[in-house]
Structure formats: C-alpha cells, structure tokens
Amino acid sequence: MNFHEVRFPANLSFGSVGGPERRTDIVTLVNGYEERNTPWAHSRRRYDAGVGMRSLDDVETLIAFFEARQGQMYGFRWKDWSDYKSSLASVEVKFDDQVIASGDGIETRFPLIKTYRSGQFSYARPIAKPVLGSVRVGIDQDEMKEGVDYAVDTTSGLVSFVTPPTEGAVIRAGFEFDVPVRFDTDRIQTSVASFRAGDVPNVPVVEVRV
C-alpha cells in the first residue's frame, strides 16, 4: 500500500469533525420485520480536515501536506482527538489498559487491539498505527520492558516478544495511536477572501485498511 509514515499536523486536526461509520444492508420483509446484515467487520472513520483551519498559514500548511501526498495517492497518519488512547482521554496510558491476547507458549507476535464495550456486547478494533514511544506492554500483572522483553512495530501494530508468553498468560497493552487515512479528494479549493470571512475549505479525509 502507498502509505507515508507521517502524521497530519495535530494542531490542524484538533477541532475537526468526524468519527466512525458502518455499512448496514437492510431488507424490509412483507410482514414488516427487517433483516440486517453488514459486509464490514470493522468500522471506517471519516473526517473533515478543513474545520481545523484557523489562519492562512494553516491553509498553506495544508496545501503543502496535500501536495506531498499527491492528493489521494498516499495515505498518512491522523490523530483523532476524540479517540487516540487505549485508556479514557482524561487518564494516562497504563500497561494494563487493554487485554490483547492470551499466551500459548509458542506464539511471540501479537497485534494491538482496542476493545469497545457496551453492556454485554463488545467490538475489538485493530490498531495498526501506534505512536512511537507510547506503547506499554505487560504479562498478567507485570509490566515488561521495551527493547528487553519485547519490540513494537509502529507501522503494523505488532508486538513481538523475545520469549513466548506462557500458556494462559494474559497479555496486556496500553498505547496512543493514529488512524491510517488518505485524502478523499484530489482537489482543494480555497479563497483568501472567503477564508477571511470565516469560510473554511472542505477537505474530506477517510480511513484506509492497512
């Protein structure tokens, strides 16, 4: 995949509008009941990068970033300020924020995930773009040391242990993460006059599978 491991300026994504979307196929039967199905195992996020523009300097930064990505050609990292931690936004990341797997005594590599829960239901979201230096990992109740006990691939979200965790061991992790996205347009239209009047460009951004 054409992807640049660079983050869209976080100060410009702050204040942007967006969030997850799902695709649901709904068929209404003759008796009024519905059959619902989804072809997507995972949600997809969309954002509007234009909302974060506050000055003409911001617009120039946006255009430079857009040109360097060649429009929709290359993906990039995006900080979703409403959801960028394994923990609640108000607390610090800890090594036991999320349970990501259970050891079997053989496997050494495990993908990062974030689990969303509501009542008895949950959804496990794959995390492919953890932030460098933010990942903390533990086994059962003991925190491990990065570079000694494990390594993290920040381009794929894989945690690799030096020694396979024992069978039944609970593998935990805490982290900050970015969303892999691309621009959802090959055109950016701006006007100095309209921007000074409070109008901002529409710059759609969409999550990509990696």
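Being a predicted model, the structure only gives us computed values, none of them experimental. (Residues numbered from 1 in each chain as written. Predicted model: local features only at pLDDT ≥ 70, side-chain atom pairs only at ≥ 80, totals over all residues. Heavy atoms only, no water.)

**Comments concerning empty space enclosed by the protein**
Thinking step 1. Under the counting rule described, the total for this entry stands at one cavity of 30 Å³ or more.
Thinking step 2. In this model, the largest cavity occupies a volume close to 30 Å³.
Thinking step 3. What lines the largest cavity is Val-131, Leu-132, Gly-133, Ser-134, Val-135, Glu-146, Val-152 and Thr-154.
Thinking step 4. Its residues placed into classes, the lining of the largest cavity shows four nonpolar, three polar and one charged. (1 Å grid on protein atoms, 1.4 Å probe; cavity = no way out; pocket = protein on both sides within 12 Å on 5 of 7 lines; lining within 4 Å. Points joined across faces, edges and corners; volume = space filled by probe spheres on them. Nonpolar A, V, L, I, M, F, W, Y, C, P; charged D, E, K, R; others polar.)

**Some details on the pairing of strand E4 (residues 34–37)**
Thinking step 1. Direction of pairing for strand E3 (residues 25–28) relative to E4: antiparallel, over a ladder of four bridges. The partner of Val-27 across the bridge, within E4, is Glu-35.
Thinking step 2. Hairpin connection, E3 to E4: the antiparallel pair is bridged by five residues, and Gly-32 has positive phi, about 95°. (Pairing = 2+ DSSP bridges. Helix = DSSP H or I, 4+ residues; strand = E, 2+ residues; numbered from the N terminus.)

**Looking at the domain arrangement of the protein chain**
When the parts come together, some accessible area is lost, and that loss is often what is quoted as the size of the interface.
Thinking step 1. According to the domain assignment, the protein chain contains domain 1 (1–83 + 180–209) and domain 2 (85–177).
Thinking step 2. A straight line from the C-alpha centre of domain 1 to that of domain 2 covers 27 Å.
Thinking step 3. Listed as interface residues are 11 residues of domain 1 and, on the opposing side, 13 residues of domain 2.
Thinking step 4. Of the roughly 980 Å² buried where domain 1 meets domain 2, counting both sides, 42% is carbon and sulfur surface.
Thinking step 5. In this structure, the connection of domain 1 to domain 2 is made through three salt bridges. (Domains from an automatic or database assignment. Contact = heavy atoms within 4.5 Å. Buried area = accessible area lost by both parts, 1.4 Å probe. Salt bridge = Lys/Arg side-chain N within 4 Å of Asp/Glu carboxyl O.)

**Some details on the packing of aromatic side chains**
Thinking step 1. For the coordinates displayed, the defined rule picks out 14 aromatic pairs.
Thinking step 2. Judged by centre distance (5.1 Å) and plane angle (65°), the rings of Phe-66 and Phe-183 are edge-to-face. Placement of Phe-66 in helix H2 (residues 56–68) and of Phe-183 in strand E16 (residues 179–183) is noted, with a sequence separation of 117 residues between them.
Thinking step 3. Look at Phe-66 and you get buried, because its relative accessible area is 8%.
Thinking step 4. By relative accessible area, which is 0% here, Phe-183 ends up buried.
Thinking step 5. Aromatic side chains Tyr-150 and Phe-161 sit 6.3 Å apart centroid to centroid with 55° between the ring planes, which places their arrangement in the tilted category. Placement of Tyr-150 in strand E13 (residues 150–153) and of Phe-161 in strand E14 (residues 158–161) is noted, with a sequence separation of 11 residues between them.
Thinking step 6. The exposure class of Tyr-150 is buried, given its relative accessible area of 3%.
Thinking step 7. Through a chain of ring-to-ring contacts, the aromatic side chains of Phe-8, Tyr-47, Phe-65, Phe-66, Phe-76, Trp-78 and Phe-183 assemble into a single cluster. (Phe/Tyr/Trp six-rings, centres within 6.5 Å; stacked < 30°, edge-to-face > 60°. Buried < 20%, exposed > 50% of the residue type's maximum accessible area, 1.4 Å probe, protein only.)

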